Amino acid sequence: MGFALTIVYIVVTILSPEQFGKEWASYHVVTYLAGITALASLPSMGAYRYWKTSVQTYLLVGLIVAIALSEVAHGWLGGVIESWRMFLPSAAVFFFIVVNVTTIRRLKIMTLAAVGACLAVTVEALCGYYAGYHGEMFVLLTNISSPQDEVIGQLTRIRGAGFLSDPNDLAQILLIALPLAFIAWRRGRVVANFFVVLVPAALLLWTTYLTHSRGGLIALAAVALMAARKKLGTTASSALAAVFILGMIALDFTGGRGISAADGADRLEAWANGLEMFKSAPIFGIGFDGFTDLYEITAHNSFVLCLAELGLLGSTLWMALLVTTTVGLNSIIGAQKKKQPGRFLGLLHLFEMSSITRTVPFALNLAPSNGIIAFSYEYASEALPATVSANAPEFETQNNRVQSPRVPQQWIVAMRLALVSFMATAWFLSRSYTITMYLVLGLATATIALQHGDHKSPDRGRWVVSTITAEVLLIILIYGLVRLRH
């Protein structure tokens, strides 16, 4: 029940009740649905331990505490409740996913449900753009200014409803959904792949183009870079990404708005003010959601926003969420590349697995590579991973334990690309607390937990140094860019 309600909660949140009228927003449908989902998730919390093995779970709890402390440190106790009211819906997305996604099948359903909700928003927005359907809701007219701050025209941009009412937010979640859509890809199913994967991917890309988001352009280039790096190498893929950006600018992806340092002067000024806020309250920050109280615009950078509002305590926990998730996905991808069973052991394992097929169906893919037979399993039952674990023998070759991965590698790669999409767009947007971040973190964390099972991650203790290093480097980078500008 908790799993089904989690899907409903995420879909309703992405679609937003606000699109059906202001009265729906006043009914607090999402809030009540979150409470019901939390109660329905309690049995899953007691029955499964995956969520307890994820360090991200405890980091997010710590972030919630840090948000409260940022208000208490300035003597506003009432601000704790208000801050939690604003942030907990985003945190709930993460917790619901991690607690209820307990099998590979559920991971696939949950991911594709989120992608489906994004596609629904895409179709609505396209109807608004081309047919005038709720045009005032799904279409935004943005003034284009000259270097002398004179309005020289208007740019028509597509957007969503609710927390996606900013075209940049819509571009961000669509670019996250883009790689996740390929989880539905099935080898050899040409027609199905075309309609189920390629057509939706084309819709996501076209809608992203119509948002004319400059951050979206950078994120799209980052995804292309990561996707091509394995086959082309870092240098060639970087050059390809640069050519891609230039090509998109030539095709008017940004709607005539530049992406140079001069065009981002306001952002750099906001970053400078964010650093000053951090200096004034380095430990607990100036207070959650307090940036615009001290400066006319937001930080336009998720890390700067978190650093200014939550100080070192909150920003370190926030950064650790991204670092631990990225390291976890990278370690799984790296480990799976090393696990290639030999021909004899592969056939022997295949023979042993044949006894399982009499009771539980599964699909087997054989891929010969350099004389080695590698095989993967697509489970047709939620109970199969436990069955395989109980029946399949464990082999050792050169002191390395060989066993079939729980989560297909292409899914993990898709999760990493989705995380890259968020981090690339978050560099230009103040989205430290939005639902989008905790949606992708929840899916990625569930993926890591399923892969490791009830065992703790071998990289569990390394995140502290990595997080501190990343945070220090980002502060130095932002400070350097600000100083260079001035």
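Look above for the structure.
Calculation rules
- Residues numbered from 1 in each chain as written.
- Predicted model: local features only at pLDDT ≥ 70, side-chain atom pairs only at ≥ 80, totals over all residues.
- Heavy atoms only, no water.
- Helix = DSSP H or I, 4+ residues; strand = E, 2+ residues; numbered from the N terminus.
- Contact = heavy atoms within 4.5 Å.
- Buried < 20%, exposed > 50% of the residue type's maximum accessible area, 1.4 Å probe, protein only.
- Lys, Arg positive; Asp, Glu negative; His and termini not counted.
- Salt bridge = Lys/Arg side-chain N within 4 Å of Asp/Glu carboxyl O.
- Core = buried A, V, L, I, M, F, W, Y, C linked by side-chain atoms within 4.5 Å.
- Polar contact = N/O pair within 3.5 Å; in protein donor to acceptor, adjacent residues only side chain to side chain.
- Expected span 1.5 Å × (residues − 1).
- Phe/Tyr/Trp six-rings, centres within 6.5 Å; stacked < 30°, edge-to-face > 60°.
- Patch = residues over 30% accessible without salt bridge, like charges linked within 9 Å, V, L, I, M, F, W, Y side chains within 5 Å.
- Areas by Shrake-Rupley, 256 points an atom, 1.4 Å probe, with all protein chains shown as cover.

Counting secondary structure elements, the protein contains 19 helices and six strands. For the protein, long-range pairs separated by at least 24 residues make up 74% of all intrachain contacts whose partners lie at least 6 apart in sequence.

As a further point, take the side chain of E124. Within the element layout of this structure, E124 appears in helix α6 (residues 104-131). The buried charged residue E124 lacks any salt bridge, with R159 as its nearest oppositely charged partner at 12 Å. Not counting the four nearest positions on each side in its chain, E124 is found in contact with Q19, Y133 and F138.

Moving on, we get to the nonpolar core. Burial of nonpolar side chains together is a common tendency in soluble globular proteins. I14, L63, F87, I97, W318, Y438 and L439 are the most contacted members of the largest nonpolar core, which totals 116 residues. In terms of residue count, the dominant contributor to this core is helix α14 (residues 302-338) (17 residues). Once residues lying within four places of it in the same chain are set aside, the contact partners of I97 are T6, I10, M110, L439, G442, L443 and A446.

By the element assignment, Y438 lies in helix α18 (residues 435-452). Since its relative accessible area comes to 0%, Y438 is described here as buried. For the pair Y438 and L321, spaced 117 residues apart in the sequence, the C-alpha separation amounts to 9.6 Å. Apart from residues no more than four positions distant in its own chain, Y438 is found in contact with L60, L63, F87, S90, V93, F94, W318, L321, S432 and Y433. Among the polar contacts made by the side chain of Y438, one reaches the main-chain carbonyl oxygen of S432 at a distance of 2.8 Å.

A separate point is the pattern of salt bridges. Tallying each qualifying case throughout the model produces four salt bridges. One salt bridge in this structure joins R85 and E82, with 2.7 Å as the shortest N-O distance. Of the two residues, R85 and E82 are both situated in helix α5 (residues 78-100); the distance of three residues between them amounts to about one turn of the helix. Judged by relative accessible area, R85 falls into the exposed class, the value being 53%.

Our focus in this paragraph is helix α1 (residues 2-15). When the terminal C-alpha atoms of α1 are compared, their 20 Å separation across 14 residues agrees well with the 20 Å that a helix rising 1.5 Å per residue should span. Every buried residue of α1 is listed here: G2, F3, L5, T6, I7, Y9, I10, T13 and I14. For α1, the elements touching its buried residues are α3 (29-47), α5, α6, α8 (167-180) and α18. Looking one or two places after α1, you find S16, whose phi comes out positive at around 75°.

Now for the packing of aromatic side chains. Scanning the model with the defined rule gives twelve aromatic pairs in all. Ring plane angle 15° and centroid distance 6.2 Å describe the contact between Y133 and F138, whose orientation is recorded as stacked. Since its relative accessible area comes to 1%, F138 is described here as buried. Aromatic pair W206 and Y209: ring centres 5.0 Å apart, planes at 25°, arrangement stacked.

Residues V123, F182, W185, V190, V191, F194, F195, V196, L198, V199 and L203 make up a contiguous nonpolar surface patch of about 990 Å² in total accessible area. With eight residues, helix α9 (residues 190-211) is the single largest residue contributor to the nonpolar patch. For V199, the location among the structural elements is in helix α9.

It is worth spelling out the environment of L178 at this point. Relative to the helices and strands, L178 is located in helix α8. Each C-alpha atom, one on L178 and one on S421, is 9.3 Å from the other, the two residues being 243 residues apart in sequence. When neighbours within four sequence positions are excluded, L178 is seen to be in contact with A201, L204, L205 and L220.

Located in the positive-phi region is S16, a residue other than glycine, with phi close to 75°. One non-glycine residue with positive phi stands out, namely H300, at about 60°. For H300, a relative accessible area of 23% puts it in the partly exposed group.

Nothing here speaks to function; it is all geometry.
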